[in-house]
Amino acid sequence: MERLRFAQGLSAAELQMLRDVRDELMQYQDRLHILKRADMTSEGLDKLQSSQPGLVVVDYLQKFRSQNKDVRMAVTETAETLRDLAVKGFGIIALSATTRTSGLSGNGHDSNALTLASFKESGEIEFNVDSAYLLREKGGNPFAKCITLDCVKNRHGEMKEAKLIFRPGIMRFDLQTVIQQALPVTPVGGFSFAGGAV
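A quick note: this is a predicted structure, and the numbers were derived from the prediction, not measured. (Residues numbered from 1 in each chain as written. Predicted model: local features only at pLDDT ≥ 70, side-chain atom pairs only at ≥ 80, totals over all residues. Heavy atoms only, no water.)

### Concerning the overall build of the protein chain
Of the regular secondary structure elements, the protein chain holds six helices and eight strands. If you list the helices and strands of the protein chain from N to C, you get α-α-α-β-α-β-α-β-β-β-β-α-β-β. A buried classification covers 29% of the 198 residues belonging to the protein chain. Nonlocal contacts in the protein chain, meaning residues at least 24 apart in sequence, comprise 43% of its contacts between residues at least 6 apart. Accessible surface for the protein chain amounts to roughly 13000 Å². Of this, 55% is attributable to carbon and sulfur atoms. (Helix = DSSP H or I, 4+ residues; strand = E, 2+ residues; numbered from the N terminus. Buried < 20%, exposed > 50% of the residue type's maximum accessible area, 1.4 Å probe, protein only. Contact = heavy atoms within 4.5 Å. Areas by Shrake-Rupley, 256 points an atom, 1.4 Å probe, with all protein chains shown as cover.)

### Some thoughts on the nonpolar core
Counting residues in hydrophobic clusters, the biggest one holds 18 residues, and the most contacted among them are V56, L82 and F119. Those elements that provide at least two residues to this core are β1 (55-58), α4 (71-87) and β3 (131-141). The greatest single-element share of this core, amounting to three residues, is contributed by α4. Sequence-distant contacts of F119, defined by excluding residues within four places in its chain, comprise S96, A97, T98, I125, A132, Y133, L134 and V152. (Core = buried A, V, L, I, M, F, W, Y, C linked by side-chain atoms within 4.5 Å.)

### Quick look at a negative patch on the surface
On the surface, a cluster of negative charge is made up of E43, D46, E80 and D84. Only α3 (42-46) and α4 provide two or more residues apiece to the negative patch. (Patch = residues over 30% accessible without salt bridge, like charges linked within 9 Å, V, L, I, M, F, W, Y side chains within 5 Å. Salt bridge = Lys/Arg side-chain N within 4 Å of Asp/Glu carboxyl O. Lys, Arg positive; Asp, Glu negative; His and termini not counted. Charge placed at Lys NZ, Arg CZ, Asp CG, Glu CD.)

### Quick word on the packing of aromatic side chains
In the structure shown here, the tally under the stated rule is one aromatic pair. Between F166 and F173 the ring centres are 4.5 Å apart and the planes differ by 35°, which places this aromatic pair in the tilted class. Take F173: its relative accessible area is 40%, and that puts it in the partly exposed class. (Phe/Tyr/Trp six-rings, centres within 6.5 Å; stacked < 30°, edge-to-face > 60°.)

### Looking at the pairing of β1
In β1, alternate side chains face the same way, and those of V56 and V58 are buried while those of L55 and V57 on the opposite face are not. Summarising the sheet, β1 and strand β2 (residues 91-94) pair through four bridges and their orientation is parallel. In the strand pairing of β2, L55 is matched with G91. (Pairing = 2+ DSSP bridges.)

### Observations concerning the pattern of salt bridges
For the structure shown, the criterion picks out six salt bridges. Between R136 and D150 there is a salt bridge whose closest N-O contact spans 2.7 Å. One end of the pair, R136, is in strand β3; the other, D150, is in strand β4 (residues 144-154), and 14 residues separate them in sequence. Classification of R136 as buried rests on a relative accessible area of 9%. Close ionic contact of D174 with R167 constitutes a salt bridge, the shortest N to O distance being 2.6 Å. Owing to a relative accessible area of 13%, R167 belongs among the buried residues under this scheme. Overlapping salt bridges, with partners in common, bring together R83, D130 and R155 in one network.

### Focus: the confidence of the model for the protein chain
Per-chain confidence: the protein chain averages 77 in pLDDT, with 80% of residues scoring 70 or above. Predicted confidence is poor over residues 184-198, with pLDDT under 50, and the contacts of this stretch with residues over four places away or in other chains come to 39 contacts. (pLDDT = per-residue confidence, 0-100.)

The following block contains the structure:
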């Protein structure tokens with residue numbers, strides 16, 4: 001990951017791949033709105049109201065501040081602003097922190113115990129979102145984690161799940177089926193790990 005992040009020790013082919021991705025992303029530059037830290041408020045998001053509808057990605061809700069400095073109120077105000085944007089045609093993906101639960105050994109974070117009410121400052125999230133998903137760790141090793149993307153709310157259809165493989169070294173999620181098609185596979189606890197490449 002460090003090699004990629006700082007472009008150190010990359011081959012000419014790898015550097016060219018990065019340039020190609022950069023060039024492709026530059027086509028969309030005029031459609032990107034990145035809020036500065038000072039604008040990470042519901043008022044900052046409100047500035048998008050006059051923009052052409054597009055996709056808004058919020059990473060993450062609890063980073064947004066409120067005039068009254070209360071975190072719960074800030075999340076509520078931000079969620080309300082995002083709801084207004086959605087009504088105007090924007091697609092919204094908002095990430096949220098979750099409450100800490102004890103792992104099996106009494107410490108850590110047990111993602112399998114999370115529910116819709118586990119989103120931090122969750123009242124607005126719990127009741128007003130159309131869809132909500134939780135990531136649940138199902139095992140793995142230091143190089144690849146078995147993760148389930150679990151739908152815990154869906155106003156417009158079935159609540160489904162997707163089995164993913166997360167590779168922490170490159171901060172990447174892949175659908176398990178994509179990994180299975182691309183690499184030799186070894187089953188591990190209900191999931192399949194791709195051999196060698198993860």
